[in-house]
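Chains, contacts and geometry: an overview
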Amino acid sequence: DIARLVVDGWDGGGPVLLGVATDPGQVGCDSFHVAGSTDHITRWRACYSTTQLVGGEKELTLVKSGHIQSFVYPADDTRYDCWYGPPATADPDE
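Criteria and thresholds
Residues numbered from 1 in each chain as written. Predicted model: local features only at pLDDT ≥ 70, side-chain atom pairs only at ≥ 80, totals over all residues. Heavy atoms only, no water. Helix = DSSP H or I, 4+ residues; strand = E, 2+ residues; numbered from the N terminus. Buried < 20%, exposed > 50% of the residue type's maximum accessible area, 1.4 Å probe, protein only. Contact = heavy atoms within 4.5 Å. Pairing = 2+ DSSP bridges. Axes fitted to C-alpha atoms, helices over the stretch in contact; angles between N-to-C directions. Polar contact = N/O pair within 3.5 Å; in protein donor to acceptor, adjacent residues only side chain to side chain. Core = buried A, V, L, I, M, F, W, Y, C linked by side-chain atoms within 4.5 Å. Salt bridge = Lys/Arg side-chain N within 4 Å of Asp/Glu carboxyl O.

The subject of this paragraph is the side chain of T61. When you line up the elements, T61 lands in strand β4 (residues 58-63). For T61, a relative accessible area of 13% corresponds to the buried category. Residue contacts for T61: discarding those within four places in its chain leaves F32, H33, V34, A35, C82, W83 and Y84.

Now the structure itself:
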């Protein structure tokens, strides 16, 4: 089902997994999202977009680095800048 989701995507509320319709917007727990602005595996805009799929309180940290540095270097390290806070709009470029 996950492979089909990747290939086909989904429309409406969410994907059908194991025959059960899902709706990520109904997830009520808080979430924390991390993205690296130069990440070549998972682009930061895609990471940002996941904040629009789930419910609950959301916070995003965008580190001015790649995927490994996003987790390895602490946010207060002067080597890499970062932005953090709740995603304000659905458009990551606003």
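Read on, since the account is not over.
What follows deals with the sheet that holds β4. What holds strands together in a sheet is hydrogen bonding between their backbones, with the strands either parallel or antiparallel. One open sheet accounts for three strands, arranged β3-β4-β5; its pairing is mixed. Every interior strand has two partners, whereas the edge strands, β3 (31-36) and β5 (82-85), have only one. On average, each strand axis in the sheet is inclined to that of its neighbour by 10°, with strand direction left out of account.

In this section: the side chain of H33. Considering the arrangement of structural elements, one finds H33 in strand β3. A distance of 2.8 Å separates a polar atom in the side chain of H33 from a polar atom in the side chain of S31. Beyond its immediate stretch of four places on either side in the chain, H33 contacts C47, T50, T51, V54, K58, E59, L60 and T61.

The biggest cluster of nonpolar side chains holds six residues, and these are A35, W44, C47, Y48, L60 and L62. Those elements giving two or more residues to this core turn out to be α2 (44-50) and β4. For this core, the element with the highest residue contribution is α2, accounting for three residues. When residues no more than four places from it in sequence are discounted, the contact partners of Y48 are L60, P87, A88, T89, A90, D91 and P92.

Applying the stated criterion to the full structure yields one salt bridge. The salt bridge involving D93 is made with R45; its shortest N-O contact spans 2.9 Å. Pair noted here: D93 is in the segment after β5 and R45 is in helix α2, with a separation of 48 residues, a long-range link.

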